[in-house]
Amino acid sequence: MTNRKFTRRDCLRFAVGGAVTLPFAQSVWGARAQAVLPQLPKSFDEIDHFDVTHRVRDGWQASIPEPTSSCEVAIVGGGISALTAAWRLADRKVMLLEKEGETGGNSRGREFEGCRYALGAFMNQGPMAPFEDFFRELNVPLVEVHGNQHAWAGNGRLVRDPLGQGLGRLPFARTEVKALEKATQLLASYAKPKEGIFFPRADNTESIRALDRNTMWAEYQRLGLGAQGKQFFDALISARVGDSGEMLSAWMGSYLLSSAVARNYTAPGGHAVFSEVLRSRIPASSVRTSFTVIRVAQQSSDKVWITGVRGGAGSEGQLETIEADTAIMGVPKFYCMHMVEGLRQARPNALTQYTYNAYLVAQVFLRERIDVPFETCAPNNFTRFIVAPDQLPGNARRDGGGLLTIYIPYPRVAGRAMLYAADVKALGEQIVRDIESVYPAARGKVEAVKLHRWGHPMLTTRPGMDDALEKVRESFGRVAFAHSDSFGVTGLYSAIWTGMDAEAEARAILMS
Ligand SMILES: Cc1cc2nc3c(=O)[nH]c(=O)nc-3n(C[C@H](O)[C@H](O)[C@H](O)COP(=O)(O)OP(=O)(O)OC[C@H]3O[C@@H](n4cnc5c(N)ncnc54)[C@H](O)[C@@H]3O)c2cc1C
């Protein structure tokens, strides 16, 4: 219970937010009996803007202006993959074009009272081959997240280190726990650097490669998991791709689960630290934000014209064309299909293995910090993944308040439709209820909720993904492809890797 006085600032904040006061048993002001209900959002605090890109998807035939500027390499997108390519091409005349008002894509962050938090990506496996040099050069302050900083919540119980010491304490039947133990050992063997499961898939052993013939649900059966084990692993998979293992390639599912048993790292601010460091290494004159690319067209002159709308993805700004010797597409493949002229006709079946999943991310601000694990998976709740950035060293709020980041996946087309139709205030209310039930210490302490909505950030890749993906990421004339979806999983490593690959492709094109 806090001793903090109710200040004039609090008064103003809640008055502005239009909060309602009601009797509340666990009031932070205790005996004064009247508690202030949390400030709930009326609209999303941040979204990805899609007015222009949806117009393109729906067949917009803009009249294309002549180029007014030129560069050697135009990079479309400003996420980690695009930033990686731009940084590594620093010796060339590069122009990076990002539709939002800032770079970083799904690896962006914010700060409140000295506590840095992520709007999207936050966890990775740390420096590993072939990225050690890359990590060393970026010198990002990674923090290891140990097993007991992970938790599983269900049946009124919070179990720490559920994939390690806590496995036996999960409230599951004995046979389920036994099957899970065996499956977890297998996953640990997959996590080994040489004989394990890794990209590129072609370098894996035959038995590991064969996993790509089945779905993850078929793999659960092979591993002898019952309903509880299946739900447990599905929740972990959903944390990484935003979908269950129903349609997911068992190769991809096993890869993702093996990363859950490996060493995990984060940083205050999550993966924003990577995008910010990368951005700081790129000259400001090489970056344009609020520039939504609508068309990438190869000319008979061996040039590529990149046309975009200036002035933000949500507005109908002016059209502008840039001429480049080559272009790198650091945006999801389904955008590429609409933007790169001739691509859809050349690769009509390219996206059959892909399903993009939407995500709701919420920031829950608490009047006081509560002691919780860094990451909790609560599969029976609406708020399935809860991260506590304020638990990281040096990242507590200056004012003593707490902060939780909630991740809620909305899988497939139906999920996205549901998220887009959702009542924002009801989402906020549900999140507060959930947080209070998962962490009783949070009761009555939520002061505000902010919501972020992302439309297509996560990917489910179906069996047979690898052959399909190889074709999808091949260069198309003078256009090379970056973006993490090139490897079938939207993650830090695939973003860095495809950024590096695209750099090499672009150099080869420039020399041709
Ligand atoms: C909620 C959430 C949680 C995540 N958690 C993790 C995690 O813990 N660990 C992990 O490894 N990964 C995580 N990810 C995945 C994360 O997306 C990747 O790690 C990485 O940020 C992807 O980088 P990218 O460059 O491939 O693409 P993106 O981040 O998708 O960047 C694409 C960029 O292109 C821009 N763009 C799109 N269309 C256009 C256009 N027409 N013109 C110009 N610009 C355009 C977009 O605005 C965006 O900035 C998470 C993602 C989300 C959304």
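Residues numbered from 1 in each chain as written. Predicted model: local features only at pLDDT ≥ 70, side-chain atom pairs only at ≥ 80, totals over all residues.

A. Geometry of the overall build of the protein. Summing up its helical and strand segments, the protein has 16 helices and 21 strands in all. The C-alpha radius of gyration computed for the protein amounts to 23 Å, which stays within 12% of the reference 24 Å derived for 512 residues, consistent with globular compactness. Seen along its three principal axes, the alpha-carbon backbone of the protein occupies a region of about 75 × 55 × 40 Å. Residues counted as buried form 49% of the 512 residues belonging to the protein. Long-range contacts, defined here as pairs at least 24 residues apart, represent 72% of the contacts in the protein between residues at least 6 apart. (Helix = DSSP H or I, 4+ residues; strand = E, 2+ residues; numbered from the N terminus. Rg over C-alpha atoms; globule rule 2.2 N^0.38 Å. Buried ≥ 20, exposed ≤ 12 C-beta atoms within 10 Å, placed from the backbone. Contact = placed C-beta atoms within 7 Å.)

B. How the structure looks around unusual backbone geometry. Phi at N139 is positive, roughly 55 degrees, even though this residue is not glycine. Look at N139 and you get exposed, because 8 C-beta atoms sit within 10 Å. Of note, N155 is a non-glycine position whose phi angle comes to about 50 degrees, a positive value. Looking at the element boundaries, N155 is found in the loop between β9 (150–154) and β10 (157–160).

C. Examining the packing of helix α5 (residues 174–190) against helix α9 (residues 250–261) more closely. In the contact formed by α5 and α9, the axes pass within 8 Å of each other and the chain directions differ by 90 degrees. The pairing of α5 with α9 is recorded here as roughly perpendicular in orientation. For the pair α5 and α9, the contacting residues are T184, L187, A188 and Y190 in the first and S254, L257, S258 and V261 in the second. Residues that form the contact of α5 with α9 fall into these classes: 5 nonpolar, 3 polar and no charged. (Axes fitted to C-alpha atoms, helices over the stretch in contact; angles between N-to-C directions. Parallel < 35°, antiparallel > 145°, perpendicular 65-115°, else oblique. Nonpolar A, V, L, I, M, F, W, Y, C, P; charged D, E, K, R; others polar.)

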